[in-house]
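# Secondary and tertiary structure notes
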Amino acid sequence: MKGYLKLEDGSIFEGELISKNKKGYGEVVFTTGMTGYQEAITDPSYAGQIVVMTYPLIGNYGINKYDFESEKPHIRGFVVREYCDKPSNFQSEESLLSYLDKHNIPVLSGIDTRALTKKLRENGTMRGIITCNPDDDIEFDQTNLLEEVSTKRSYRIAGIGPKLAFIDLGTKKSILKMLNSVGFDIYVFPYNASYDDVMQINPDAIFLSNGPGDPKDAVDAIELTKHFIGMKPVLGICLGHQIIALALGCNTVKMKFGHRGANQPVKDLLTNKDYITSQNHGYAVEEESIDKDKITVTHINLNDGTVEGIMHKFLPVFSVQYHPEACPGPRDSTDIFDKFMDIVMVYKRRFYFAEV
Amino acid sequence: MPKYKDISKVLVIGSGPIIIGQAAEFDYSGTQACKSLKEEGVQVVLVNNNPATIMTDTDIADIVYIENPTVEVVEKIIAKERPDGILATLGGQTGLNLAVKLKEAGILDKYNVKLLGTSFESIKTAEDRELFKRKMQEIGEPVAESLTVTNVEDALKFAKNYGYPLIIRPAYTLGGTGGGIAHNDEELISIVDLGLKKSMVGEVLVEKSLYGWKEIEFEVMRDAADNCITICSMENFDPVGVHTGDSIVVAPAQTLSDYEYQMLRSASIKIIRALKIEGGCNIQFALDPQSHKYYVIEVNPRVSRSSALASKATGYPIAKVAAKIAIGLRLDEIKNPVTGKTTAFFEPALDYVVTKIPRWPFDKFYTTDRKIGTQMKATGEVMAIERSFEASLLKAVRSLEIKAYGLRLDSVRGMGTKEILEGISVPNDMRLFYIAEALRRDIDINYINDVTKIDKWFLNKLSNIVNMEKEIEENELSKEILKKAKRMGFSDREIATIKGIKEEDVRTLRKKYGIYPSYKMVDTCAAEFESVTQYIYSTYGEEDEVETHDIPKVIVIGSGPIRIGQGIEFDYCSVKALWALKEAGIKSIIINNNPETVSTDFDTGDRLYFEPITLEDVLNIYEKEKPLGVMVMFGGQTAINLTEELVKNGVKILGTSFKSIDISEDREKFSKLLKELNINQPKGGYALTVEDAKDIALKLGFPLLVRPSYVIGGQSMEKVNTLQELIDYVKHATEVSPGKPVLIDKYIDGREVEVDAVSDGECVLIPGIMEHIERTGVHSGDSFSIYPARNLTEREINTIIEYTEKISKALNIKGLINIQFAVKEGTVYVLEVNPRASRTVPIMSKATGVPMVKLAVEVALGKKLKELGYKGGLWPQTPYTVVKAPVFSMEKLTDVEVSLSPEMKSTGEIMGIDLSYEGALYKALEGAGLKIPKKGKILLSIAERDFQEAVSLVEKLQSLGYEIYATYRTGKYFSLMGIHANIMSLDHAIKLLKNGYFDAVVNTPTKGKKPDNAGFKLRRTAVEYRIPLFTSIDTIKAALNAVSKVNINGLSVLSMNEYQEIQKDNVKNLVL
């Protein structure tokens, strides 16, 4: 049936509602990744958002059981130019639509996604509604996104290395997998874990995951991070990066339309090397707010110069805005997990000597 | 890292003539590279013997040598110019091979020339199969089980161990020359034997076949600081087993999950790092459709056809960036010219689907084997951009100009199902249409997938197209249906054919419903950033984001895919026309669909519409842009053929009017005109039936030249000597295109002369007169031609000038005109008139220094030649000589008759230029692979009718000290004439030929069009073993002249800049 995407500014895009669920609200964002829709829709960072794919043919390789980034899709709606109902890939278990239908996600197909993307680029990210009635109003929902996507209970992913307190703000499975594969003994905590909760395991290091929404809403995590800075090595990715920056006294700002895709060029200012990275963020650390006496900007985006990574000059704290774990996207910068392990080991030894 | 400080002058090697496997894409990459280096303040010296290229214009490179890229010549150029560096990775395999030879000969070191970009060692590693295999094993990238062999026995041993099928690839060749798939010992022996002879180093690789796996390509770039990006992934519609140049290719890859995509992307980056490539490279993978197992098939350590395609598919200018990397810049120091803001370090994101379809020469060689495989056979390709695969494919199909406007071909639809299934089972040029027909006949997709190994994703899409056909057929053309069909890419014409109505009816209906195309931009970033380019494609049912402005602008129609008869020359003309428009202060718009060319570089014109060149597509753009008019004279027959319909639809043609075009193309009207002007022409007539033909033959007498009306490149033109031949020909022709007359002319056995002129309707400027070495009856595109003409009397020259002026004025030519003459015993006949740019415009512009295209554009815009500073008449002739030689790709096309005839067969051309006539001819022969040694063994096998003429040739050969060998009949005749020749059987001669015993072969084919097996085999063997073969006595005579008289050490090594200075002085002196 005919369906519409209506934006805050009143503009309406007409297409076909092909899903069972015919309605969804959210912040409308676009991603330029040409592959990786399965990873994207199950990436909890997209919670609360209607995702627009700029690549026009979506669903080509179906859904397989290996490439989920979490238990279920967290998007509020999915907008494509053309949906492929006959996937072709040896791993495909079901079609994209059947999967999204199972989880009640509205899917709008036949949309001029390029025109929509240009609108979002020019006007900035807007709220919108997928509906079969263009007269419907766009609702503002007040869901606590972190609560929605974070783990409800603590759990452990055993490893033979140092103990890592992992604050789950809506993590992608790949991050856990990468950290575990470099040897961390991971204890996953919910987004609102307190200092005492975490100290129960006496971790060797703290990690802050990716996640949805405005970093300033993650008040518990910011507080927690403040406690650990200077005490334990701390690493953050994406939302985790923004939280570390806030904990260090920097500011974050909402970007016009964010960075979402698998082709974001990043320069490592320490090594003068460039990487293509996977990204998914709508907020960024404000460059002017960084205290350059204490904090070094380690990475910048080559397209717009925004901050992509920071490091404390004296303390074992660093973070990156992009997704080194890839999935979807390029695997060019996975060595950051090794680097984290190295740092943790160094500090572990130091603490050991200090205690002795 | 800024550019290297010690590099201020760079030698760029071009790729030479257009041959199968190495086409216009290297003019595109070379031109980009030259411009890119100049931007960085580097002086560019270029060597390329292909005069039809844009890059050999002195406004692209600073100093241009149109010389053969041999070690000897290039050493002289290096000694003269003393460049600091040499850039060899942008001139195809030719450039790469030359660089290797220069290095090995110690010349680069001797003159302290730095090899820029990828290092010598890296080139070696990527090109040498064994080194490459070892390197891949070292970094843990899988390569298929294989063995490099230098003899047939080892290949057989390998086969015993690993079984069949096996792929055979010779080392250091291009387009897979000499490769193939062997299914048994017999095939293995013959392919390996040939491959060993083709390889520059006498090695071939025998490899386990991965037939049926997915073939995926990545274009990768790396700078000297080790920063790497992938530009584009491409997926071959045809799985492994079909050369990627002969495959339908889509970008980006469609059936890969992110995991698979990233797996291959990571492997690509690992490989480019391991090979330490500085610049661009192409990596091909075979991916198992049933697992994540993959193999690296090959790496091209240079820009390639695929990189040209990737550049056009994404908007990312690979060659331009590669050139900058070669002189030391980092990717993040190079600006992205598309956005104008970001850097070259990024990966393009596409929001459309690109489809490339090869253009094969089988319409010309209709008797040949149409199978495709590991050896490339396509001469060119088309590309299309749309928002869905179906629409992208359909656009590409109609860009091919094979009279297909969709997937329905009458010839295929008339076949039996058995034939269709056979057509599917073996890869061939028509397979796409066979598959569509099979789907129409409800053949199961699983079955097709099983037989073809083409991914079901593609087959399902074809099925969508076929279903849409049915929907159109079975329903009223409602707004809904029409909208759906247009969105899926159906052309008005295809819809009309399905409904049995006229194309214009569909167009009218479509407009009534308000269904118009909308236009989108290619911006490298899927709209994430604003872009400054004007690179545009059409789609339906979406927002039109392309604004038009009310300013003076002109549309130039390009020439579509490269094919025999319509080559890069027409792209040269289109590009020059765009530049001339810019200079005249008019916005230039180009419509073209050939991804290999300079004209489809987004900054060549002010606006590029990457679209099919059909009436519908051109009209749509015309109606959107509302230009001053359309120029059809530069895009070869493609553009000319559209003129009538365009004019009928109210399009304004700039330049020569349609009426004049029609007169010159219409046999009867043209004949009448010549009669009125009192100009000689061969007597002739036309026949609609065999009976007509007989009557005409009776009147004119044999030999006759026969051809269908409205031709390009002398398609199917033949010389017939007997009534039976004539009957056979007319029968076939009327079958192929019923209702279309066959033209029959008296054959004039004379000298052929050609003229290109610029006319404003009153004043006619003739830059020069060219004379062909071969007499009439050999297609002008396949002849050696000499400028200035040498064997014409003053009276003949004056007649030629007079005729040219008369015809140009009578036709009110406003722009370019090409006239072909035959001169016999002092009489000048007009054979043909083309009221458009011809194949020889680039070479004549370069030879004479007259900017022909620019003048033509100005004239078409309303200027007079006088205002432009030119007078009419013949331009002062140059004190140096230019010889154009045809270049063939016969090695790649098995089973094709190679002898010269009225039907054009060459794919490219080269130019020899020298202060002396012999020198120019010698250079041309060398460039064309027809250089014969001063002494040696010549094999003659002559047709009876040429015996008499051959006598003088043999006497000459003898007097020059050649050893003469002859086949039985030829030898017998010679001994009758008292000439000694070593006589042998044809079979024995072929055997000796294979062993490299002869230095040249002279063979004139016996006529009769009956399968001439032995002679055919002789000619094919000579071609395949690269022995100079002469099928016209005229050519060998000229060659002997050149070889015997030329002073090899006295050949001039002058740049085109120097020649132009010489000519400038010459013109000045003559005027004073």
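Residues numbered from 1 in each chain as written. Chains lettered and ligands numbered in written order. Predicted model: local features only at pLDDT ≥ 70, side-chain atom pairs only at ≥ 80, totals over all residues.

### Some remarks on the packing of helix α24 (residues 658-665) of chain B against helix α25 (residues 667-677) of chain B
All names here are of chain B. Running from N to C, α24 and α25 point in directions that differ by 90°, and their axes come no closer than 5 Å. What the angle tells us is that α24 and α25 run roughly perpendicular. Judged by residue contacts, D662, I663 and S664 of α24 engage K669, F670 and L673 from α25. Across the contact of α24 with α25, the residue classes break down as 3 nonpolar, 1 polar and 2 charged. (Axes fitted to C-alpha atoms, helices over the stretch in contact; angles between N-to-C directions. Helix = DSSP H or I, 4+ residues; strand = E, 2+ residues; numbered from the N terminus. Parallel < 35°, antiparallel > 145°, perpendicular 65-115°, else oblique. Contact = placed C-beta atoms within 7 Å. Nonpolar A, V, L, I, M, F, W, Y, C, P; charged D, E, K, R; others polar.)

### Notes on the UniProt feature "binding site: Mn(2+) 1" (unreviewed entry) in chain B
Residues and elements named next belong to chain B. Those places that UniProt annotates as "binding site: Mn(2+) 1" (unreviewed entry) correspond, in this numbering, to Q284 and E298. With respect to the helices and strands, Q284 occurs in strand β13 (residues 279-287). Its 19 C-beta neighbours within 10 Å are what place Q284 among the partly exposed residues. With residues up to four places along the chain from it excluded, the contact list for Q284 reads E215, E217, T244, I297 and E298. Structurally, E298 can be placed in strand β14 (residues 294-300). (UniProt positions renumbered as here; feature names shortened; annotations may be inferred. Buried ≥ 20, exposed ≤ 12 C-beta atoms within 10 Å, placed from the backbone.)

### Let's talk about the UniProt feature "active site" (unreviewed entry) in chain A
All names here are of chain A. Feature annotation in UniProt assigns "active site" (unreviewed entry) to the following positions: C238, H323 and E325. In terms of the greatest pairwise C-alpha distance, the residues named above, spread along 88 residues, form a tight cluster of at most 11.1 Å across. Within the fold, C238 resides in the loop between β14 (234-237) and α8 (239-247). Examined against the element boundaries, H323 turns out to sit in the loop between β19 (317-320) and α9 (335-355). For H323, a count of 27 C-beta atoms within 10 Å corresponds to the buried category. Apart from the residues within four sequence positions on either side, H323 is in contact with N210, I237, C238, T277, S278, Q279, N280 and G329.

### Some words on helix α8 (residues 185-198) of chain B
All names here are of chain B. For α8, built from 14 residues, the straight-helix expectation of 20 Å at 1.5 Å per residue is met to within 8% by its first-to-last C-alpha distance of 20 Å. Buried within α8 are the following residues: L188, I191, V192, L194, G195, L196 and K198. Those residues of α8 that are buried lie in contact with β6 (146-149), α7 (152-162), β7 (166-170), β8 (180-182), β9 (204-208) and α35 (1013-1024). (Expected span 1.5 Å × (residues − 1).)

### A closer look at the UniProt feature "binding site: Mn(2+) 4" (unreviewed entry) in chain B
Residue and element names in this part refer to chain B. Under the feature "binding site: Mn(2+) 4" (unreviewed entry), the UniProt entry names E832 and N834. Along the chain, the position of E832 falls in strand β32 (residues 827-834). A residue is classified by how many C-beta atoms lie within 10 Å of it, and E832, with 18 of them, is partly exposed. Along the chain, N834 turns up in strand β32. Residue classification places N834 among the buried residues on the basis of 20 C-beta atoms within 10 Å.

### Observations regarding the domain arrangement of chain A
All names here are of chain A. For chain A, the assigned domains read domain 1 (2-131) and domain 2 (145-355). Here the C-alpha centre of domain 2 lies 27 Å away from the C-alpha centre of domain 1. Every contact between the two is made by 23 residues of domain 1 and, on the other side, 26 residues of domain 2. Ranked by residue count, the leading element in the side of domain 1 that touches domain 2 is strand β3 (residues 24-31), at 3 residues. Considering only residue class, the side of domain 1 that touches domain 2 consists of 8 nonpolar, 11 polar and 4 charged. (Domains from an automatic or database assignment.)

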